[in-house]
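What follows is the residue order along each chain.
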Amino acid sequence: MRAPARPLSAAVSRWRDDPFSRGGWSLLRVGGTPATRAALGVPFGRVILAGEASHPDQAGMVHGAFEEGLRAARWCIGQEVRSVIVIGAGAAGIGAARALQDAGIHTVLLEARDRIGGRTWSVNLTPTDHAGNTPCVLELGGNWLQQGARNTLAPIAQAIGCRLVDTDFHDPLQLGSAPAGLDSATTEAVMGRLRGMAERATRERDLPLAGIVDALLASPAPFDRETVQYVVDAEVFLDTGAPLGELSARLGFEAGVGAGDRWIVEGYGAVLRSLLGDIDLRLNTAVAEITWSEHGASVRHATGTLQADAVIVTVPAAVLQDNSPRFVPELPSAQREALELMTVGRVEKAAMVFAKRWWPASSNGYIRIADGPGRISEWLDVSDALGVPAITAIFVGDWAAELWDGQGDAEVAARVADVLWRASGAVAGPSSS
Ligand SMILES: Cc1cc2nc3c(=O)[nH]c(=O)nc-3n(C[C@H](O)[C@H](O)[C@H](O)COP(=O)(O)OP(=O)(O)OC[C@H]3O[C@@H](n4cnc5c(N)ncnc54)[C@H](O)[C@@H]3O)c2cc1C
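Residues numbered from 1 in each chain as written. Predicted model: local features only at pLDDT ≥ 70, side-chain atom pairs only at ≥ 80, totals over all residues. Heavy atoms only, no water.

**Student:** Report on the confidence of the model for the protein chain, specifying residues and quantitative values.
**Tutor:** Mean pLDDT for the protein chain: 94, with 95% of residues reaching 70 or above. Considering only residues more than four positions removed or in separate chains, one finds that residues 429–433, a stretch of pLDDT under 50, has 15 contacts. (pLDDT = per-residue confidence, 0-100. Contact = heavy atoms within 4.5 Å.)

**Student:** Any chance you could break down the domain arrangement of the protein chain for me, citing the residues and the numbers?
**Tutor:** Under the domain assignment used here, the protein chain contains domain 1 (9–18 + 121–170 + 262–267 + 345–427), domain 2 (26–119 + 269–344) and domain 3 (183–246). One C-alpha centre belongs to domain 1, the other to domain 2; they are set 28 Å apart. Taken together, the contact pairs 21 residues of domain 1 with 19 residues of domain 2. Here domain 1 and domain 2 share an interface that buries about 1600 Å² over both sides, 59% of which is from carbon and sulfur atoms. Ranking the residues of domain 1 by area buried against domain 2 places R150, L153 and G345 at the top, with a combined share of 30%. Put simply, domain 1 and domain 2 have two salt bridges between them. A salt bridge links E67 to R150, with the shortest nitrogen-to-oxygen separation between them at 2.8 Å. Linking domain 1 with domain 2 are eight residue pairs in polar contact (both at pLDDT 80 or more). (Domains from an automatic or database assignment. Buried area = accessible area lost by both parts, 1.4 Å probe. Salt bridge = Lys/Arg side-chain N within 4 Å of Asp/Glu carboxyl O. Polar contact = N/O pair within 3.5 Å; in protein donor to acceptor, adjacent residues only side chain to side chain.)

**Student:** I'd like a description of the side chain of S54, backed by residues and values.
**Tutor:** If you trace the backbone, S54 turns up in the loop between β3 (47–49) and α2 (62–78). Polar contacts involving the side chain of S54 include one to the side chain of E68, which spans 2.5 Å. Beyond its immediate sequence surroundings of up to four residues, S54 is in contact with R37, A38, L40, G41, L49, E68 and R71. (Helix = DSSP H or I, 4+ residues; strand = E, 2+ residues; numbered from the N terminus.)

**Student:** Give a detailed account of the sheet that holds strand β20 (residues 366–370), specifying residues and quantitative values.
**Tutor:** Pairing is mixed across the open sheet formed by six strands, whose spatial order is β1-β19-β22-β21-β20-β10. Both edges of this open sheet fall to β1 (9–12) and β10 (173–176), since each of them pairs with a single strand only. Averaged over all pairs of adjacent strands, the angle between their axes in this sheet comes to 20°, without regard to strand direction. Judged from the five bridges that link them, β20 and strand β21 (residues 376–381) form a sheet pairing that is antiparallel. Bridging from a neighbouring strand, R368 pairs with E378 of β21. Along the sheet, helix α12 (residues 397–404) contacts β1, β19 (347–353), β20, β21 and β22 (390–396); its crossing angle with β22, the most-contacted strand, is approximately 115°. (Pairing = 2+ DSSP bridges. Axes fitted to C-alpha atoms, helices over the stretch in contact; angles between N-to-C directions.)

**Student:** Break down the site of the ligand for me, citing the residues and quoting the values.
**Tutor:** Neighbouring the ligand are 39 residues; V62, E111, R119, W144 and V287 lie closest to it. At a separation of 2.9 Å, an oxygen atom of the ligand approaches a polar backbone atom of E52. Within the contact set of the ligand, an oxygen atom lies 3.0 Å away from a backbone nitrogen or oxygen of N143. For the ligand, whose unbound accessible area comes to 1000 Å², protein coverage reaches 98%. Elements represented by at least two residues in the shell around the ligand include exactly α2, α3 (91–102) and β19. Split by domain, the shell around the ligand shows at least three residues from each of two domains, domain 1 (9–18 + 121–170 + 262–267 + 345–427) and domain 2 (26–119 + 269–344). (Near = heavy atom within 4 Å. Areas by Shrake-Rupley, 256 points an atom, 1.4 Å probe, with all protein chains shown as cover.)

**Student:** Please set out the pairing of strand β14 (residues 297–301) residue by residue, giving values where relevant.
**Tutor:** Most of β14 sits inside the fold, with four of its five residues counted as buried. In this antiparallel pair of consecutive strands, strand β13 (residues 287–292) and β14, the connection spans four residues. Here five bridges tie β14 to strand β15 (residues 304–308), and the two strands are oriented antiparallel to one another. Paired with H301 across the bridge in β15 is G304. Connecting β14 to the antiparallel partner β15 that follows it, the hairpin turn spans two residues. (Buried < 20%, exposed > 50% of the residue type's maximum accessible area, 1.4 Å probe, protein only.)

**Student:** Which residues make up helix α10 (residues 333–340), and what values do they have?
**Tutor:** For α10, every residue scored as buried is listed here: Q335, A338 and L339. What you see down the axis of α10 is that its buried residues fit within an arc of 100°, all on one side. Check the buried side of α10 and you find it contacts α1 (34–40), β3, α9 (317–321) and β18 (342–344). (Arc of directions from axis to C-beta.)

**Student:** Now, about the side chain of E52: what can you tell me, with residues and values included?
**Tutor:** Within the secondary structure layout, E52 lies in the loop between β3 and α2. Owing to a relative accessible area of 5%, E52 belongs among the buried residues under this scheme. Only 2.8 Å separates the side chain of E52 from the side chain of S26, close enough to count as a polar contact.

**Student:** Outline the packing of α3 against helix α8 (residues 268–276), listing residues and values.
**Tutor:** For any two helices packed against each other, one specifies the crossing angle of their axes together with the interaxial distance. At a closest axis distance of 9 Å, the pairing of α3 and α8 adopts a crossing angle of 25°. Between α3 and α8, the interaxial angle falls into the category roughly parallel. For α3 against α8, the interelement crossing comes out left-handed. For the pair formed by α3 and α8, the contact residues are A91, I94 and R98 on the first element and L272, L275 and L276 on the second. Grouping the amino acids of the contact of α3 with α8 by side-chain chemistry returns five nonpolar, no polar and one charged. (Parallel < 35°, antiparallel > 145°, perpendicular 65-115°, else oblique. Left-handed = near helix turned anticlockwise from the far one by under 90°. Nonpolar A, V, L, I, M, F, W, Y, C, P; charged D, E, K, R; others polar.)

Here's what the structure looks like:
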């Protein structure tokens, strides 16, 4: 076999090792419920936590985070405060700061990184030797506008002229070790069986999802074990990146990927940037400590201290679990208990641009590659929409660790490209490199 194709340009995420994300999105442990998420977002003193993790039914998604930012801003407005510090310039923080600024409240938005967007991260990978000057924006974090018409960011994206492209997750091109002939009806049937088993087993008390999956794998009929394993990997593990033993069987299946999901050709960055306007945004400003009371709060960062009538904290739950930033006095018990009922998965992405498309075309750009139990990856071929041969890949759990850990970015991208190369060869054979 010829040498695998190498990308002309590439970028990879480091969500797990990044101190400002610590992983993918928040997940409920055994015993966690929507009320757990709501409890995280209850104000204390003049502080309110808001972000994807505090949304009771749209957690783990960009628009859910945005809505939580708006909720936090409404609370501040209701308190008739004159000044607010918003910590974190992801979807929640930008949403909050926009609403506060529009309400005439003095607002400062503090962001630890040198960029906005948080766990959305749109990178422009236009190769220097690419003939056209088409911007080639690819996502290293949040990619899809999920939940169809329910998505509150979709109208904003459309209003600024973004192009939205549908993805039908029920119709992936399945490569690698996917069971032959697996269709969406079988997938639905396996998931229905798993959901039913989980519901029955957790009537009295919640249990780890792993036990329910093991029971289904032990007696999979009328399906075969290989099909059950693949469906669980594709529909549950790929959507969490966390060991199933850590997840609630009752609520391990939260709202998320489904029909009506669209991705933004210009990237989430364009949408969030359009909301910034005149907001006083301070990048490279990591908050170390928040001292709070019933009357206001002060916020300490590397080069100074700021005070305001209220503070909105949008840092990810996994970062709060790291005691970052530090709260003085400490977080109330309700918020600490809520954080204990949450976990986060290992999820990483690679974005790559090639000289030509050598992988097989799928009907809507959506590809899944499996490489045995627990090893599944998801790919979005954006070549047709962007007019440049480009693809993103998402890897979770141990497979992500194996490809990423101890490697530089270029090596990770090369290893990821090899996965696609091998899987493409197994199906159609890459035409040329
Ligand atoms: C790989 C991946 C794929 C995803 N895919 C999708 C998808 O397709 N669709 C979807 O809807 N969602 C997706 N998500 C989830 C979605 O990206 C997040 O739920 C959402 O972006 C979270 O927004 P947020 O504002 O709550 O948090 P964040 O975006 O994480 O924002 C928090 C901000 O706080 C900052 N911060 C942290 N600590 C400090 C500090 N001490 N001081 C100052 N600032 C600080 C961070 O730098 C960050 O900018 C994905 C996430 C990942 C990682």
